[in-house]
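Next come the chains, spelled out residue by residue.
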Amino acid sequence: MTNMRLAMGDQHHPNSTSFQDGGANHQYRSVLKTRKTTSDLMWSLQPWQPSHTFRMGSPSLLPSKLVPHVLSSPRVNNVIDQLSEENRCSKKILEKQAAAMLEEMAHNQKMCSIRLFGICLAKLGKLLYRDIYVNRDGIEQVRSLIPHGPILLLPSHRSYADFLLMSVISFHYHLPMPVIAAGMDFMNMKMMGELMRQAGAFFIRRSFGSDRLYKTIFTEYVQQLIMQGDHPLEFFLEGTRSRSGKALPPKLGLLSTVLELYLKGIVNDIFVVPVHISYDRTLEESLYAYELLGIPKPPESTRGLMKALSKLQEPHGDIHVTFCPHFSVREFFSSWIDCSPHIMSPHFISSVAEQTVMAELATKVLQSQLKHGVLPIFPLVSAVVLYKEAMDLKCLTERVSYLTQLAAWQGYHITTCSEAELERVLALHSNILEVKDGRLSLVKEREPLEPASLSRSRGHVLLQSTVQKAIPSIRLQHYANQCLHIFLDPCLLILIANCNPVPKDVLREEYRWLRMLLSLEFPTMLEFLDDEFKRCVDFVFQRDLLFRDENGIYHASASPLLNFAMAAFRPFLTTFALVCHMLAMRSMFQWMAESFSGHISESSPCASMGHVYIEAEKLGEEDCLETLPLTALATSV
Amino acid sequence: MECETPIEGEDKSAIKTDATVPQSRQNLLKWNGWGYKDSFFYRADDVAAFSGNRYPLSGHHLPGFFQWAKDVLNVDLSITVPKKEALREDEVPKPIINEDFMNNIKEAKIMHSLAPDDRVFRAHGHTVREIHTLRTSMFPRIPDIVLWPKNHDEVVKVVSLANRLNVVIIPFGGGTNVTGALECPEHEQRCIASLDTSQMNRILWIDEENLLCRCEAGIIGQDLERSLQKKGFTVGHEPDSIEFSSLGGWVATRASGMKKSIYGNIEDLLVHVTLVTSLGVIQRGYQVPRVSSGPDLHELIIGSEGLLGVITEVSLKIRPLPECQKHGSLVFPDFDSGVLCLREVARRRLKPASIRLMDNDQFKFGHALKVPGGYFGSFKETMQKLYLTKLKGFDLNKLSVATLLFEGTRKEVNDLEKEINEIAAKFNGIPAGEENGKRGYLLTFVIAYIRDFGMDYHNLAESFETSVPWSKVSSLCRNVKLCIQRECAARNIKYYYITCRVTQSYDAGACIYFYLSFNYASLTLTDPMAIYEELEAKARDEILRSGGSISHHHGVGKIRQKWMPHSVSPLGLTTLQAIKKHLDPKDIFACGNLIPPTHSKL
Ligand SMILES: Cc1cc2nc3c(=O)[nH]c(=O)nc-3n(C[C@H](O)[C@H](O)[C@H](O)COP(=O)(O)OP(=O)(O)OC[C@H]3O[C@@H](n4cnc5c(N)ncnc54)[C@H](O)[C@@H]3O)c2cc1C
């Protein structure tokens, strides 16, 4: 039996659970257990010796020495020469600018700060979470890779906690501390910025498209970090926390910069370790819901953080961290590209592979996260509730175990679906779901928003009533979204066949088409779509979700998944339809032109989100618009 | 062997050198390994020893060596690989005789032989595969006849006969190539004649005024140097194979000598060359230092690997012998610091005759070959070790060693040494004495003997080299080592040895020389040789990917053709092929070198 929690028991704390992963057995170990029995102070002060690291050659430089090293590199000199000639400005000025950029960027990792952080995080962790589980085999995998080459740790990004978590785990298991690429938003927080630097964060601007100097400094710095070799590089491929709970389409900039090291033959290989982090309850669940409605997040500030922390007294359940099987960039590239054009020039001349290859690699990472990660049971509960599959406890249990079965058959890992566990997660999320007399209902948003915040929303006006109705379901959707990828393929097949019984080749074509349409919603490697299709057709047959008549035509069975498929995936398709509809209206055109002005900026999808919601209300379609897939909007535009 | 002695029209002024290697090579050299018969490593009880009296190491015990071999390669002395003790003539392929050609050769009084051992001796070079084949089996195809023309005119005669009668000619120099260049194409149906140049070994003239000499192409390196040095001159071309490789072979493989920084590589030393092709002779009409007359045809002949014709005579630059020669050595905390130092020395265009940088593994290997209390006092060494590790904080598992050779007037040598020591200091390098330097160079001459010894104990070893821009030296060395590490792991090879050194410095880059060895004793391999070749191919791929070249001086031969299209571009390759076709329409120089078979049919 797969996905069984072996060491169970809510009463005594489980400190080890395991999941089968196609033969590989992931042993999950508790990180907090010993934190609860031994002194945090002693823990943070333990003699700390990282596993043997990869050596590139000369001893690595201290963070402070790295900065001048980067500034005097051929790459930076080269671009400063060019810029001073092109813009007729003195090199001195450019050098100053470069130094300032680097100062803004550079990390300043110090063991003493990490220890300090360690104590705080251990305390905070225990306050917020019941436990943190890490798959031990994944940790050992990373340890065994370290001497062989540079490592990229690529975690999923659902919460600010991701960043801290990874460092705590590295410290706990004596893995070399990662250096972490962080967005600039943090840097402006008083003290926090500096503290984070000392914990190993370095800061990069969100966009620096045409700033050649910045791009050069960035490239050289990141590559040097890797060449120094003693820290894995950690960054979030999704670029930002996914508010919706679904994987975001990957950002390729940093990844390309790193992979250039391989393309240009500077390093022999790079090991990519996807990491999946799942939370029973996301810290930012409410913030996200408001943001998704178009009410912007308050700028990060230390005070804001403190305030937020003081609110966080509610329990947040468990965290599961999965270090997925690694893959080698060398092996990945060997079937994709010929490196020879990249080796003709000196190392400092940039040469970047085609974006499509980078995108495939990034997608592979995201898929691996989803495939190997552990999913808490609550996303399934949310889906069942949200899609009106069941509104009473008894039904709920049944439906959830059915979905759990489906997931397990496909090789996904989901925490146990026992009654006790259901009870626990429902209690954990009592701010979203209420259970009264065995019946479930959504909790109405109680705190009305101040008018000021309402008017802060961008590009459109939100009614108090809209907010109150939308927020709870958006919150729920944040969780439901976390399990959609599991059911995507079977559901699409069912939807296609249900709409119109078709022969196999048509089924395949339509499936391909839909997956491509949804490729920003769900990580998709076009290369392997046909394989996916084959796998999935077999699956739906085995489980009697589809059947084939004597003429070879495929029909959807009257299976329990049919409703689910309709409820879960129709909104995506409706969104596309709706956007097309809106585009057809003149006024809408204008609005689109304004808010999207040629490209999709970060904030506009949020703004448009609210807009579409209002529109949808008018159209009486809000039922299926619980939360609109944001990126679906962007895609359809 | 049918010998005909009189040389017609002998040039009176020519200097006959005493050839070290006799016409019957088997009298002096091993038939199935490297070098002199009397010089080999052997097991004296539980200590390794080197026999004979030709080398500084000869007659010595090497107490550290077995321990090293055990630690690094897990060598088990109790099991040896069976090998053939002598050449079995019944295994030697029967010659394909072209009667017409035979009659003409006899008539022209060209020395020749059909003896199996003569033919086998000229059927191969010194790649590990060739030696392995000799020890365990036999080549499927070998030369059918060996010819010893005595001078240029006889070569012209032989080549024109061969062209007329459709006989294949493979020129043979010293047989030291490491590219399979001398191996006969397996499916060649025509009679194959090995044209041994060893009897063309005269120095034709020495021109002191212009510092030139002209030699026949068969002269062996050590003979050339010995004769010239008697007269106070040197060519200064010293490949590690100088004891056995020939002038013609150097030109044909585009060889490089250890002291190239002062004297130049073969292409810098060569002022004039004569090539006998199947259609006639190509050469310049004058002996001058430089010409502008379109593309330089010398460049076509240098590195032609026996594909275009026979090199018969070569004019070389010579230099007066230097007043003073001195060795030196430097120790660096790690390899990369050493590379930076060598780079700086090159940037400043300082020219020690040689500067080489060994990585840590090679440094340790050198240590393992120490002779106890021997000629380099061990007390001094202990002191040095203490100084390095205790005072300087060097890690014995990381440090790298540079060896130096200086030549010039006493003052030049001292000034240069001082200057280089100053540069080294900037990269945390410290001088480690003359003796260490000297030892480093001596060792290079015995390493080929060690390979034979290793083969007795299930170890296959080979060297390969490349050239690379300075900025990519460190990353290339690192990448290749990691590549071997990975590929060995993938094949379950636990015990292997990969090491490198920087052997040559240029303005724009360096030459890197690797040794690779692995122990297959505990592996159940049907063909360990194939595994070795796979590993080397992976390493070459990695070299190219890291910005290095197909070869710096060994050449292409048969074993590196796979990378030729990438190396010279497909069009470059067809150009080469077109030239070959023009000069040799019947393809009698059918050695099959350089151009991959897929291209050579074009
Ligand atoms: C231990 C060892 C150390 C070495 N060290 C060096 C080194 O430091 N530097 C270096 O450059 N190489 C080195 N080599 C490689 C080898 O010694 C050189 O390639 C050398 O130039 C080959 O000369 P040879 O006379 O032995 O040629 P051979 O092996 O006899 O022939 C090599 C090729 O040249 C052709 N050829 C030979 N003579 C003529 C001719 N007269 N006309 C036309 N074609 C001809 C042959 O047909 C063949 O294709 C080393 C090899 C060994 C085994």
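How each quantity is defined
- Numbering of residues starts from 1 in each chain and follows the order in which that chain's sequence is written.
- Chain letters and ligand numbers both follow the written order, the letters beginning at A and the numbers at 1.
- Reporting of local features is limited, given that this is a predicted model, to residues whose pLDDT is at least 70; pairs of side-chain atoms are given and counted only at 80 or more, and all residues count toward the totals for whole chains, interfaces and linings.
- Note: side-chain values were computed over all heavy atoms of the structure, leaving out hydrogens and water.
- The rule for pairing is simple: two strands pair if DSSP sees at least two bridges between them.
- Going along the chain from the N terminus, every DSSP run of H or I of four or more residues is numbered as a helix, and every run of E of two or more is numbered as a strand.
- The contact criterion used is simple: two residues touch if any of their non-hydrogen atoms lie within 4.5 Å.
- Only the contacting stretch of a helix is used when fitting its axis, a line to C-alpha atoms as for every element, and angles between N-to-C directions run 0 to 180 degrees.
- Burial classes follow relative accessibility: with a 1.4 Å probe on protein chains only, a residue under 20% of its type's maximum area counts as buried, one over 50% as exposed, and anything between as partly exposed.
- A positive count includes Lys and Arg, and a negative count includes Asp and Glu. His and the chain ends are not counted in either.
- Salt-bridge detection follows one rule: a side-chain nitrogen of Lys or Arg within 4 Å of a carboxyl oxygen of Asp or Glu.
- The term polar contact refers here to a pair of N or O atoms within 3.5 Å; inside protein, the definition further demands a hydrogen-donor-capable atom paired with an acceptor-capable atom, and it admits residues adjacent in sequence only when both atoms are side-chain atoms.
- By the definition used in this description, the sense in which the near helix is turned from the far one sets the handedness, with an anticlockwise turn below a right angle giving left-handed and a clockwise turn giving right-handed.
- Under the convention adopted here, Pro, Cys and the residues Ala, Val, Leu, Ile, Met, Phe, Trp and Tyr are nonpolar, Asp, Glu, Lys and Arg are charged, and Gly plus all remaining residues are polar.
- Buried surface area refers to the total accessible area, computed with a probe of radius 1.4 Å, that the two partners give up upon joining, counted for both partners together.

Undergrad: Tell me what's going on with the sheet that holds strand E16 (residues 354-358) of chain B, and back it up with residues and numbers.
TA: All names here are of chain B. Overall, antiparallel pairing links the 7 strands, which are arranged E18-E15-E17-E16-E20-E21-E19 in an open sheet. Of all strands in the sheet, those bounded by a partner on one side alone are strand E18 (430-431) and strand E19 (459-469). In terms of strand pairing, strand E15 (residues 324-332) meets strand E17 (residues 400-408) through 9 bridges, oriented antiparallel. Looking across to E17, one finds that His327 is bridged to Leu405. The strands touched by helix H11 (residues 335-347) within the sheet are E15, E16, E17 and strand E20 (496-505), with E16 carrying the most contacts at an inclination of about 165°. Where helix H12 (residues 360-368) meets the sheet, it contacts E16, E17, E20 and strand E21 (509-519), and its direction lies at approximately 100° from that of E20.

Undergrad: Explain the side chain of A:Asp131 to me, using residue names and the numbers behind them.
TA: Residue and element names in this part refer to chain A. Relative to the elements of secondary structure, Asp131 occurs in strand E3 (residues 131-135). Although Asp131 is buried, it makes no salt bridge; Lys36 carries the closest opposite charge, 5.2 Å away. Among the polar contacts made by the side chain of Asp131, one reaches the side chain of Ser30 at a distance of 2.8 Å.

Undergrad: Before we move on, can you summarise the packing of helix H16 (residues 473-490) of chain B against helix H17 (residues 528-545) of chain B with the specific residues and values?
TA: Residue and element names in this part refer to chain B. Running from N to C, H16 and H17 cross one another at 150°; their axes reach a closest spacing of 9 Å. Between H16 and H17 the crossing geometry is right-handed. The residues of H17 that touch H16, namely those facing Leu476, Asn479, Val480, Cys483, Ile484, Arg486, Glu487 and Cys488, are Leu535, Lys538, Ala539, Glu542, Ile543 and Arg545. In the contact of H16 with H17, the residues fall into 8 nonpolar, 1 polar and 5 charged.

Undergrad: For the interface of chain B and chain A, give the residues involved together with the corresponding values.
TA: If you look at the interface, chain B gives 17 residues, while chain A gives 22 residues. Across the chain B/chain A interface, buried area totals approximately 1,500 Å², and carbon plus sulfur atoms make up 45% of it. For the chain B face of the interface with chain A, the top three residues by lost area are B:Lys472, B:Arg478 and B:Arg545, together amounting to 39%. Two residues, A:Arg330 and B:Glu542, come together in a salt bridge whose shortest N-O distance is 2.3 Å. Between the two partners, chain B and chain A, sit 9 residue pairs in polar contact (both at pLDDT 80 or more). The set of elements that each furnish at least two residues to the side of chain B that touches chain A consists of H11, H16 and H17 of chain B. No other element matches H16(B), which puts 7 residues into the side of chain B that touches chain A. Its residues placed into classes, the side of chain B that touches chain A shows 3 nonpolar, 7 polar and 7 charged.

Undergrad: Which residues make up the pattern of salt bridges, and what values go with them?
TA: Taken as a whole and judged by the stated rule, the model has 64 salt bridges over all chains. B:Glu313 is the partner of B:Arg214 in a salt bridge, and the nearest nitrogen-oxygen pair spans 3.1 Å. Linking B:Arg214 in strand E9 (residues 212-216) with B:Glu313 in strand E13 (residues 310-317), this pair joins segments that are 99 residues apart in sequence. By the burial criterion, B:Arg214 is buried, and B:Glu313 matches it. B:Glu487 serves as the salt-bridge partner of B:Arg491, at 2.9 Å between the closest nitrogen and oxygen. Each of the salt bridges in this network shares a partner with another, and the network as a whole consists of A:Arg130, A:Asp280, A:Asp318, A:Glu421 and A:Arg424.

Geometry only, nothing functional implied.
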